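A look at the structure
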Amino acid sequence: MVNINGGRKRRTTGTIATATAGLALTAFALAGTADGAPQHTGAGPRHAAGHVKPTIVLEHGAFADGSSWNGVIAELRADGYPVVAAANPLRGPASDAAALRTVLNHVTGPKILVGHSYGGNVISQAATDDPQIKGLVYVAAFLPAPGESALELTGRYPGSTLPDALDPVTYRQADGSTATDLYIRQDKFPHQFAADVPEDQAALMAAAQRPIAQAALEEKATGAAWKTKPSWAVVTTQDLNIPAAAQRFMARRAHARTTEVAASHSVAVSHPRLVADVIERAARATTG
C-alpha cells in the first residue's frame, strides 16, 4: 500500500478539472483524432516497448458527470493514452452496466476500466464478461460483492455524513408509480463532496451535479469483476461520502493494489495527477 500526503504537490500540467453545467453527455477525449471525431481502434499510442497502449474508460459516480474526470483526462492524454469518459445514467447498477457495455463494445483493443464512487458498482458488473478489459481501477469507489448494495456498504462503518446533506426529490413515473432522485444540497456540496477543491470550482460542480436514483443505491450487485481481474484502488482518507474504513475493507477483500491519499471524495478533481499515475500503473502492469 502506498500512502500519499494530500498536501504534497506532485506534477501539475496547468490543467485542472473543471465542472461545467450541462455536460451530461458522453465525453470522448481521444488522442490522435484530427477532426475531433472519436476513433475507436486498437491501433492506438504505444508503450516504449512497442505495445499498444490500452484505452482508458472512465465511469463517473453519483452527483457528478463526465467533466469530473477532466484533469485526469488531460494527464492521461499528455502521456499518450486514448481516453473515453462515459456518461453514467445513475439509475441502477444493472441498467447502468448495460449502458456502459455499449461504450465498451465500441472501443476495440485492450482497455483499463476506471470507476469513481458509485461508478465502482457499475464497472464491477460491466467488466465481468469482457476479456479486453485488462484491469480495474477504483477511485474512492465501491467494490461490492454479489448481494451487496452501496447503501449497505456505506452503513457498515461510521463516518459518512451524506444522509444529512441530501436533497431528495420524489416524482411520478410514466406508469404511475413514484421514484426518488437524490441530490446533494448545493450549500452543503463543497464541504460534503469536494472539501479540497477550490470553492468557486466546487460551486460549479454543485450546480452541475447529476442526481442518482435512490433505488440505485439500494440495488444489490450481481457481479464482481474484481474477483477475476487485477484491481487497483485509491482510498481517500478524508472522504465524507464513503468512509475510508469501508474503502479499505473493500480494497483489501479484492486484493487491490492500494494507494491512500488525504483527500475528499472528489480526489479525481483535487489530485488528477495522482489518479492518473495509479491508472497508468495498472495499464503498464496488465498490457506491457
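What counts, and at which threshold
Residues numbered from 1 in each chain as written. Predicted model: local features only at pLDDT ≥ 70, side-chain atom pairs only at ≥ 80, totals over all residues. Heavy atoms only, no water. Helix = DSSP H or I, 4+ residues; strand = E, 2+ residues; numbered from the N terminus. Buried < 20%, exposed > 50% of the residue type's maximum accessible area, 1.4 Å probe, protein only. Contact = heavy atoms within 4.5 Å. Areas by Shrake-Rupley, 256 points an atom, 1.4 Å probe, with all protein chains shown as cover. Salt bridge = Lys/Arg side-chain N within 4 Å of Asp/Glu carboxyl O. Pairing = 2+ DSSP bridges. Right-handed = clockwise from strand over helix to strand, strands pointing away. Axes fitted to C-alpha atoms, helices over the stretch in contact; angles between N-to-C directions. Left-handed = near helix turned anticlockwise from the far one by under 90°. Nonpolar A, V, L, I, M, F, W, Y, C, P; charged D, E, K, R; others polar. Phe/Tyr/Trp six-rings, centres within 6.5 Å; stacked < 30°, edge-to-face > 60°. Polar contact = N/O pair within 3.5 Å; in protein donor to acceptor, adjacent residues only side chain to side chain.

**Regarding the overall build of the chain**
Across its full length, the chain carries 11 helices and 11 strands. For the chain, buried positions account for 55% of its 288 residues. Across the chain, every contact between residues at least 6 apart in sequence was considered, and the portion connecting residues at least 24 apart equals 73%. Approximately 11,800 Å² of the chain is accessible, and the part contributed by carbon and sulfur atoms is 54%.

**Some details on the pattern of salt bridges**
A full pass over the atoms with the stated rule returns 12 salt bridges. Of the charged contacts, one joins Arg 185 and Asp 187 as a salt bridge, the two residues approaching to 2.6 Å between their closest N and O atoms. Relative accessible area serves as the criterion here: at 55%, Asp 187 is assigned to the exposed category. Of the charged contacts, one joins Glu 280 and Arg 284 as a salt bridge, the two residues approaching to 3.9 Å between their closest N and O atoms. Of this pair, Glu 280 and Arg 284 both sit in helix α11 (residues 272–287), separated by 4 residues, roughly a single helical turn. Through salt bridges with shared partners, a single network forms among Glu 75, Asp 79, Arg 273, Asp 277, Glu 280 and Arg 284.

**Quick notes on helix α7 (residues 199–208)**
Gln 201, Ala 202, Met 205, Ala 206 and Ala 208 are the residues of α7 that are buried. Where α7 is buried, its residues contact α6 (189–193) and α10 (267–270).

**Focus: the pairing of strand β6 (residues 133–139)**
The buried fraction of β6 is high, at 6 of 7 residues. Alignment of strand β5 (residues 111–116) against β6, held across 6 bridges, turns out to be parallel. Following the sheet pairing, Ile 112 is matched in β6 by Gly 135. With helix α3 (residues 119–126) bridging β5 and its parallel neighbour β6, the resulting β-α-β unit is right-handed. In the sheet, β6 pairs with strand β10 (residues 231–236) via 4 bridges, with the strands oriented parallel. Along β10, the bridge assignment pairs Val 137 with Trp 232.

**A short note on the packing of helix α2 (residues 93–104) against α3**
Look at α2 against α3: their axes get within 8 Å of each other, and the N-to-C directions meet at 65°. Considering the relative orientation of α2 and α3, their crossing is right-handed. Taking contact as the criterion, the partners of Pro 93, Ala 94, Asp 96, Ala 97, Leu 100, Arg 101 and Leu 104 in α2 are, on α3, Asn 121, Val 122, Ile 123, Gln 125 and Ala 126. Residue composition of the contact of α2 with α3, by class: 8 nonpolar, 2 polar and 2 charged.

**Regarding the packing of aromatic side chains**
Under the defined criterion, the tally for this structure stands at 3 aromatic pairs. Plain terms: the ring middles of Phe 63 and Phe 193 are 6.3 Å apart, the flat faces sit at 85° to each other, and that makes the pair edge-to-face. Note that Phe 63 is positioned in the loop between β3 (55–59) and α1 (70–78) and Phe 193 in helix α6, a separation of 130 residues in sequence. With a centroid separation of 4.8 Å and 35° between ring planes, the pair formed by Phe 189 and Phe 193 is classed as tilted. One end of the pair is Phe 189 and the other is Phe 193, both in helix α6 and 4 residues apart, which spans about a single turn. Judged by its relative accessible area of 2%, Phe 193 falls in the buried class. Every member of this aromatic cluster is reached through a ring pair, and the members are Phe 63, Phe 189 and Phe 193.

**Quick word on α3**
Of all 8 residues that make up α3, 8 are buried, and the element is covered over most of its length. Among the residues of α3, Gly 119, Gly 120, Asn 121, Val 122, Ile 123, Ser 124, Gln 125 and Ala 126 are the ones counted as buried. Buried residues in α3 make contact with β3, α2, β5, β6 and α4 (150–155).

**Overview of the sheet that holds strand β8 (residues 178–184)**
Ordered by their spatial adjacency, 3 strands build an open sheet running β7-β8-β9, and the pairing between neighbours is antiparallel. A strand with exactly one partner marks an edge of an open sheet, and here the two such strands are β7 (166–172) and β9 (212–213). Of the strand pairs in this sheet, β8 and β9 are connected by 2 bridges, and their pairing is antiparallel. Counterpart to Leu 182 in the pairing with β9 is Ile 212.

**Some words on the side chain of Ser 264**
Relative to the elements of secondary structure, Ser 264 occurs in the loop between β11 (257–261) and α10. Polar contacts involving the side chain of Ser 264 include one to the main-chain amide nitrogen of Ser 266, which spans 3.1 Å. For Ser 264, the residues in contact, after removing those within four places along its chain, are Phe 193, Ala 194, Ala 195, Asp 196, Thr 236 and Gln 238.

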